Every structure is written in structure tokens, then in C-alpha cells.
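Structural overview for review
Here is what each chain is made of, one letter per residue.
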Amino acid sequence: MEKREQIYEGKAKKVFATDDPELVIVSYKDDATAFNGLKKGTIAGKGAINNRMTNNLMRRLEEKGVPTHYVEELSDRETVVKKVTIVPLEVIIRNISAGSFAKRYGVEEGIVFDEPTIEFSYKNDDLGDPLLNTYHALALKLATKDEIELIKKYAFMVNDLLKGFMKEIGIDLVDFKLEFGKTSDGKIVLADEISPDTCRLWDEKTHEKLDKDRFRRDLGGAEEAYEEVMRRLMGDK
Ligand code: ADP
Ligand code: UDP
């Protein structure tokens, strides 16, 4: 397989074509952004950590029956994935109140929910990723009813599995964002990434934040937090 031209550069990753029309290579950057790109910086070593962590988790999710775009890790920063058409929905699952949920509903962070919640945003940077419900998603033809049902099912499966993987390493999974895509044969698969950029991860004992909130909120120690999650997840490999 051969790496070809860059087809996209996003805030955290670049995407390259390959000689196989069904495959692309994603390359993870150290660039960090928050608040829809208004805050910019870098977190040294983040690209490699997010790449390796995403791949580790996607392999384990796939084993448990969640179809993913993952194909093969090429290097610290680069991975071959199935090329998909991204469903323009950000799927957010929450187990504990934090971030925009706490702000929107005027509650403190850290309230443990009896049941996880799901919400969708329209993935559209120009509009600031507005929140929408499944009726809006259908009206906007972002996905079909069956696709939305499947996405919901997979998202809750990912939550159950990911919560377990994190608990094993002493971390509470607070909330996270997923993206799904459609392969050329119309199959819905989990795409994009699962990393401290896209999850809120709190140490179960100290409640220390081990995720991008360290960058968003200028708490310091973002590099160390990402490394800590990686170390617990993958040992010294
Ligand atoms: P953003 O576009 O939000 O700045 P990134 O910097 O992470 O985000 O860029 C990666 C882009 O690649 C995203 O738009 C994401 O939706 C897209 N993407 C993720 N997985 C795949 C895939 N398997 N095939 C095609 N595009 C993908
Ligand atoms: N999230 C993300 N990308 C986004 C928006 C949210 O990865 O564009 C993740 C975020 O890291 C958190 C979860 O989704 O783990 C919920 O985020 P929230 O809605 O609380 O928004 P935020 O506080 O990040 O504005």
C-alpha cells in the first residue's frame, strides 16, 4: 500500500489518499484546539498518544462486536483506516455531568447519572456544531432512520465497553464524542478517534482530570495527563 496526496487537513489530523480507493491514512498532529478553533496550542507527544490509544481501543471494540474503520497501525502517528463518508453528526454520550451539559442545565460537574445520556450535534464548524435531535437529523437528511438507530446502538455499546476498559485502569469515563462513517458498501462503522481529546477521563480516586480540559481550562500538565492515560492503558509498550 502506497501513501498518496493529502486530501484533508483538520485541526488534529491529516488525511492522505492511498493507492487503494477504499483506504486512507490518518496522521495525528500535536496541534490542540478548543472552543471551535478559537484557542490554539500544542500538546507535545499528543499525536502519537492519540493514534496509539485510538487504535488500541478500536481493536478491542471490534473484538466485542462494534464495527470500526481501523485497519493497520503504520507508525507512532499514522494509521490505515477504511475510507468512509463521515455521517455529519457528533454523537456525545455522558455518564457524569460536565462541560456544556453542566453549563446548559445550570448544574455542577460530577453528578453521576443513573443512565447514560446521548445527544447529537450537527458537525458543521461554520455553524458551531449546533445541538440537534434525531428528527432534525432526519429533516436535514444527515442519515436515515435505520442508520440513526444503529448509530445509537453502537454508541451505547461503546459506552459500556469503554467504561469497563477505563475502570480497569482506575479511570472514570465522564463523557465522550464519537463519529460514525459509511463505507463504500453502505456499512455504518465507528470512525475518527477515541482519545483524551475526545473523552473526559477522571482519575477514580483523586478525580484529577486526565484529558483535554487541562488544555481548555489552562490547568497545566496536559502532556503528563495524556502520558499517564497511555501508560495505564498500554504499559510501557
Ligand atoms: P476536524 O475536521 O474536526 O478538524 P480532525 O483534525 O480530526 O478533525 O480531522 C480528521 C477528519 O477526518 C475529520 O473531519 C473526520 O471526520 C475525518 N475522518 C475520520 N475518520 C475517517 C475515515 N475513516 N475516512 C474519512 N474521513 C475520516
Ligand atoms: N467533544 C469533542 N469534540 C467536540 C465537542 C465535544 O471531542 O467538538 C467531546 C469533549 O471532549 C467531551 C464530550 O465530547 O468529552 C462532551 O463535550 P461537551 O459537550 O461538554 O462540550 P465542551 O465542554 O467540550 O464544549
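Residues numbered from 1 in each chain as written. Chains lettered and ligands numbered in written order. Predicted model: local features only at pLDDT ≥ 70, side-chain atom pairs only at ≥ 80, totals over all residues. Heavy atoms only, no water.

**A look at the packing of helix 1 (residues 46-63) against helix 4 (residues 145-168)**
- Viewed as axis vectors pointing N to C, helix 1 and helix 4 meet at an angle of 120°, and their least axial separation amounts to 11 Å. Looking at the two axes, helix 1 sits oblique to helix 4. Between helix 1 and helix 4 the crossing geometry is right-handed. Between helix 1 and helix 4, the contacting residues are Met-53, Leu-57, Arg-60 and Leu-61 on the first element and Val-158, Leu-161, Leu-162, Phe-165, Met-166 and Glu-168 on the second.
- For the contact of helix 1 with helix 4, the residue count by class is eight nonpolar, no polar and two charged. (Axes fitted to C-alpha atoms, helices over the stretch in contact; angles between N-to-C directions. Helix = DSSP H or I, 4+ residues; strand = E, 2+ residues; numbered from the N terminus. Parallel < 35°, antiparallel > 145°, perpendicular 65-115°, else oblique. Left-handed = near helix turned anticlockwise from the far one by under 90°. Contact = heavy atoms within 4.5 Å. Nonpolar A, V, L, I, M, F, W, Y, C, P; charged D, E, K, R; others polar.)

**Some details on the pattern of salt bridges**
- On inspection of all chains with the given rule, the structure shows 29 salt bridges.
- In this structure, the salt-bridge partner of Arg-4 is Glu-2, at a minimum N-O distance of 3.3 Å.
- With a closest N to O distance of 3.0 Å, Asp-30 and Arg-77 form a salt bridge. With Asp-30 in the loop between strand 3 (23-28) and strand 4 (31-34) and Arg-77 in the loop between strand 6 (70-73) and strand 7 (78-82), the pair connects residues that are 47 residues apart, well separated along the chain.
- Residue classification places Arg-77 among the partly exposed residues on the basis of a relative accessible area of 31%.
- Each of Arg-94, Arg-104, Glu-109, Glu-119, Asp-175, Arg-200, Asp-213, Arg-216 and Arg-217 takes part in one network of salt bridges that share partners. (Salt bridge = Lys/Arg side-chain N within 4 Å of Asp/Glu carboxyl O. Buried < 20%, exposed > 50% of the residue type's maximum accessible area, 1.4 Å probe, protein only.)

**Things to note about unusual backbone geometry**
- Positive phi, normally seen in glycine, also occurs at Asn-36, with a value near 55°.
- Positionally, Asn-36 belongs in the loop between strand 4 and strand 5 (39-42).
- Judged by its relative accessible area of 43%, Asn-36 is partly exposed.
- Although it is not a glycine, Asp-192 adopts a positive phi angle of roughly 55°.
- By secondary structure assignment, the location of Asp-192 is in the loop between strand 13 (188-191) and strand 14 (199-203).
- Asp-192 sits in the buried class, given a relative accessible area of 16%.

**Digging into the side chain of Thr-54**
- Mapped onto the elements of the fold, Thr-54 is located in helix 1.
- In contact with Thr-54, other than residues within four places in its own chain, are Tyr-28, Asp-192, Glu-193, Ile-194 and Ser-195.

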